[in-house]
Amino acid sequence: MIETFRAHCPRCDGERKCIIHGQFDQPWSVEDGRNYMDGQIDRKLLQCAGCETVFYHQSSWNSEEWDNDYHPVTGETIISHPRTIETYPAPEKKSQKPDWIWDIAKADPPLHAILYEVYQAYEAGSFILASVGLRTAFDRTTEILKINSHLSFEDKVVELTKEGYIGETEANTLSVVTNAGNAAAHRGWAPDRKTFEILIATLEQYIYRVVVTGKAALDLSGNIPARPPRAKKQPKPTA
Ligand SMILES: [Zn+2]
């Protein structure tokens, strides 16, 4: 029989039914001769029945924090102790991160690891680190697409254009992403939030199209000739 518990899942960010994999409830008390204080810490290892994420859940109270209430009928005073809930990992802040980032965890774990840190830096307001991370993420996509790793960032953008992965407009915006990463890494340039949001939106669109929707997979078969860079999308000839 699987024991369950309702808790706020830090990943899918809502109250969910969770499987209890382990639990340990720990009452405690301290006394110094004059004062007495007690409480309890309930610890659980939970797994969300929705997204399957495993997380640590702690619910605690102590005798110093209490709420006063009155019984509606008898008028008696009722003391209750509010509980403090903590989870590890903590719930992610309201999503800067698009949900398809999770799909990248399966498609390419290194890229997912980079993006994960980019969003952490972004959410912490560390825009220099986040900008450098964007460039690193871009670089990882060029490895997935088997672009010559010895090329400079500028030449990688040119190569992607030649290979038909990106168009001219996107090449320009991706150049801004790599230049910004470079300026942040080497010249201490710090983008503000608004600028960074433009940069990350550009990279998100590119990664979504090239890595997530599988255009990369098509081209990796090696049988599809590269499109000329300026060519508009052409319908496939019917066989
Ligand atoms: Zn969940």
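Since the structure is predicted, the reported quantities are computational estimates derived from the model, not experimental observations.

The next subject is the sheet that holds strand S3 (residues 36-48). Spatially, the five strands line up as an open sheet ordered S1-S2-S3-S4-S7, and their pairing is antiparallel. Of all the strands in the sheet, the pair left with one neighbour each is strand S1 (4-9) and strand S7 (84-88). Strand-to-strand twist of the sheet, defined as the mean angle between neighbouring strand axes without regard to direction, takes the value 35 degrees. In this structure, strand S4 (residues 54-62) lies alongside S7, joined through five bridges in antiparallel fashion. Within the sheet, the bridge partner assigned to tyrosine 56 lies in S7 and is tyrosine 88.

The tally for this structure, following the rule as stated, stands at seven salt bridges. Salt-bridge contacts for arginine 140 lead to aspartate 108; the nearest nitrogen and oxygen are separated by 2.8 Å. Note that arginine 140 is positioned in helix H3 (residues 127-144) and aspartate 108 in the loop between helix H1 (101-107) and helix H2 (109-123), a separation of 32 residues in sequence. There is no split in this pair, since arginine 140 and aspartate 108 are both buried.

What follows concerns the packing of aromatic side chains. One pass over the full model with this rule turns up seven aromatic pairs. Taking 5.2 Å as the distance between ring centres and 50 degrees as the angle between the ring planes, the aromatic pair formed by tryptophan 100 and tyrosine 208 counts as tilted. Residue tryptophan 100 is located in the loop between S7 and H1, and its partner tyrosine 208 is located in helix H6 (residues 193-212); the two are separated by 108 residues in the primary sequence. Look at tyrosine 208 and you get partly exposed, because its relative accessible area is 37%. Judged by centre distance (5.6 Å) and plane angle (40 degrees), the rings of phenylalanine 127 and phenylalanine 196 are tilted. Taken together, the positions of phenylalanine 127 in helix H3 and phenylalanine 196 in helix H6 put the pair 69 residues apart, joining distant regions of the chain. For the pair shown, phenylalanine 127 and phenylalanine 196 are each scored as buried. Each residue in the set Tyr119, Tyr122, Phe127 and Phe196 is aromatic and connected to the rest through ring pairs, giving one cluster. The ring of phenylalanine 5 is capped by lysine 44, whose NZ or CZ atom sits 4.3 Å from the centre of that ring.

Here the zinc ion is held by Cys9 (SG), Cys12 (SG), Cys48 (SG) and Cys51 (SG), and the distances to it run 2.3 to 2.4 Å. Its four donor atoms give the zinc ion angles of 101 to 114 degrees at the centre, a pattern that matches the tetrahedral case.

This next bit is on the packing of H3 against helix H5 (residues 168-186). Direction vectors running N to C along H3 and H5 enclose 130 degrees, while the axes themselves pass 8 Å from each other. Taken together, the axes of H3 and H5 are oblique relative to one another. Where H3 crosses over H5, the handedness of that crossing is left-handed. For the pair formed by H3 and H5, the contact residues are Ile128, Ser131, Val132, Leu134, Arg135 and Phe138 on the first element and Leu174, Val177, Thr178, Ala180, Gly181, Asn182, Ala184, Ala185 and His186 on the second. Split into classes, the residues belonging to the contact of H3 with H5 amount to nine nonpolar, five polar and one charged.

Moving on, we get to the environment of cysteine 18. Inspection of the secondary structure puts cysteine 18 in strand S2 (residues 14-31). Note: C-alpha distance between cysteine 18 and leucine 45 (27 residues apart in sequence) is 9.5 Å. Excluding anything up to four places from it in sequence, cysteine 18 contacts Glu3, Thr4, Phe5, Ala7, Leu46, Gln47, Cys48, Ala49 and Phe55.

Cut-offs and rules
- Residues numbered from 1 in each chain as written.
- Predicted model: local features only at pLDDT ≥ 70, side-chain atom pairs only at ≥ 80, totals over all residues.
- Heavy atoms only, no water.
- Pairing = 2+ DSSP bridges.
- Helix = DSSP H or I, 4+ residues; strand = E, 2+ residues; numbered from the N terminus.
- Axes fitted to C-alpha atoms, helices over the stretch in contact; angles between N-to-C directions.
- Salt bridge = Lys/Arg side-chain N within 4 Å of Asp/Glu carboxyl O.
- Buried < 20%, exposed > 50% of the residue type's maximum accessible area, 1.4 Å probe, protein only.
- Phe/Tyr/Trp six-rings, centres within 6.5 Å; stacked < 30°, edge-to-face > 60°.
- Lys NZ or Arg CZ within 6 Å of the ring centre and 35° of its normal.
- Donors = N, O, S within 2.8 Å, 3.2 Å for Na, K, Ca; no water.
- Tetrahedral: all angles 85-135°; square planar, octahedral: opposite > 155°, others 65-115°.
- Parallel < 35°, antiparallel > 145°, perpendicular 65-115°, else oblique.
- Left-handed = near helix turned anticlockwise from the far one by under 90°.
- Contact = heavy atoms within 4.5 Å.
- Nonpolar A, V, L, I, M, F, W, Y, C, P; charged D, E, K, R; others polar.

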